[in-house]
Amino acid sequence: KNEQLRYLAGQARQLLSESFDEEEPGEGSRVAGEAGKVAESSAAIIARLGEPTHAAVRRLMAVPGAAEVDFALPVGNQWLVTGRFDRLLDNGDVIDWKTDRGDPREIRDRYRGQMGLYALAVSEARRLRGEGESGVFVKLALLSTGDVINLEYTPAEIASSRLVLEQFLTIP
């Protein structure tokens, strides 16, 4: 539970620091309102984590790994895509916490591209360490329902994600 609280506190700090960075004179009440929303959301998530429906999410939190892991992915000779894994497990799997509400299949489809980028970043790190080509597992942990969606990216799908990214970043 302490790790859960540390993670949520980090998310709240990040949101609030972004709010303060954008604050204009006289916007103090907007920032205070945002802080209240963060507190309410965090409390609701913590309460849900104790429910029987969220056992799979609790199991993921117990797996050894690190929270808020930054990555940098070189693409071509001119781009460096940076990002942050919500949680990177010691076995190389990625967990991405999602607060979205709705049909889990729609949520999975909405984030498939982003998760493909995460799989590409893990795959590239493995390649740089001299490990062989292998698939990458990404888990979407839906905090609103307790569902965990397992996505497996094969080496061919990872190569496809790289191609899509390179095409997107190509300036005509």
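Scroll up for the structure.
Cut-offs and rules
Position labels on residues start from 1 in each chain and follow its written sequence. Residues qualify for local features only when their pLDDT is at least 70, as the model is predicted, and side-chain atom pairs are given and counted only at 80 or more; totals for whole chains, interfaces and linings, by contrast, use all residues. Water and hydrogen atoms play no part in the side-chain values, which are based on all heavy atoms of the structure. Lining residues are those with an atom within 4 Å of a point, where the points come from a 1 Å grid over the protein atoms alone and group into cavities, where a 1.4 Å probe fits but cannot get out, or pockets, open sets with protein on both sides within 12 Å along at least five of seven lines. Grid points are joined across faces, edges and corners, and a volume is the space filled by probe spheres set on the points. Secondary structure elements are defined from DSSP: runs of H or I of at least 4 residues count as helices, runs of E of at least 2 residues count as strands, and each element is numbered from the N terminus. Amino acids outside the nonpolar list (Ala, Val, Leu, Ile, Met, Phe, Trp, Tyr, Cys, Pro) and the charged list (Asp, Glu, Lys, Arg) are all regarded as polar, and Gly is one of them. By convention a nonpolar core is built from buried Ala, Val, Leu, Ile, Met, Phe, Trp, Tyr and Cys residues, the set being connected through side-chain atoms within 4.5 Å. Only protein chains enter the accessibility calculation, which uses a 1.4 Å probe; a residue is then buried when its area is under 20% of its type maximum, exposed when over 50%, and partly exposed in between. Residue contacts are counted whenever heavy atoms from the two residues lie within 4.5 Å of one another. Two strands are said to pair when DSSP picks up at least two bridges between them. Any two rings among Phe, Tyr and Trp, with Trp reduced to its six-membered ring, count as a pair given centres within 6.5 Å; such a pair is stacked if its planes are under 30 degrees apart, edge-to-face if over 60, and tilted if neither. Remark: a charge is flagged as sitting over a ring if the NZ atom of Lys or the CZ atom of Arg is within 6 Å of the ring centre and within 35 degrees of the ring normal.

## Structural notes on the layout of surface pockets
Considering only enclosed or pocket space, the second largest pocket measures out at about 230 Å³ in volume. What lines the second largest pocket is a set of 18 residues, among which Leu88, Ala121, Val122, Ala125 and Arg129 lie closest to the centre. Within the residue set of the lining of the second largest pocket, elements represented by two or more residues are β1 (65–75), β2 (79–89) and α4 (104–128). Per-class residue counts for the lining of the second largest pocket are twelve nonpolar, one polar and five charged.

## Some words on the nonpolar core
Core analysis: the biggest nonpolar cluster contains 24 residues, and Met115 and Val138 have the highest contact counts within it. Listing elements by their share of this core, those giving two or more residues are β1, β2, α4, β4 (136–142), β5 (148–153) and α5 (155–169). At eight residues, α4 tops the list of elements feeding residues into this core. In contact with Val138, not counting residues within four places along its chain, are Val94, Met115, Ala119, Ile149, Asn150, Leu151 and Tyr153. Counting residues in each nonpolar core, the second largest holds eight residues, with Leu60, Met61, Leu89 and Trp97 among its members.

## Things to note about the pairing of strand β3 (residues 94–98)
Of all the five residues making up β3, five are buried; the element is thus mostly covered by neighbouring parts of the structure. Judged by which residues are buried, β3 turns out to be covered on both faces: Val94, Asp96 and Lys98 on one side and Ile95 and Trp97 on the other are all buried. One ladder, built from two bridges, connects β2 with β3; its direction is antiparallel. Bridging across to β3, Arg87 finds its partner in Ile95. Between the end of β2 and the start of β3, which pair antiparallel, lie four residues, with Gly92 showing a positive phi angle near 95 degrees. Of the strand pairs in this sheet, β3 and β4 are connected by five bridges, and their pairing is parallel.

## Here's the deal with the environment of Thr154
Within the secondary structure layout, Thr154 lies in the loop between β5 and α5. When the C-alpha positions of Thr154 and Phe137 are compared, they lie 8.8 Å apart, and in sequence the two are 17 residues distant.

## Section: the side chain of Arg162
Mapped onto the elements, Arg162 comes out in helix α5. Each residue touching Arg162, except ones within four places of it in the same chain, is listed here: Leu73, Pro74, Val75, Leu120 and Glu124.

## Comments concerning the packing of aromatic side chains
Scanning the model with the defined rule gives three aromatic pairs in all. Judged by centre distance (5.8 Å) and plane angle (80 degrees), the ring pair of Phe71 and Tyr118 falls under edge-to-face. Residue Phe71 is found in strand β1, and its partner Tyr118 is found in helix α4; the two are separated by 47 residues along the sequence. Accessibility classification places Phe71 together with Tyr118 in one group, the buried group. Aromatic ring contacts, followed pair by pair, group Phe71, Phe85 and Tyr118 into a single cluster. Above the face of the Tyr111 ring, Lys98 is positioned so that its terminal group lies 3.7 Å from the ring centre.

By themselves, these figures tell us nothing about what the structure is for.
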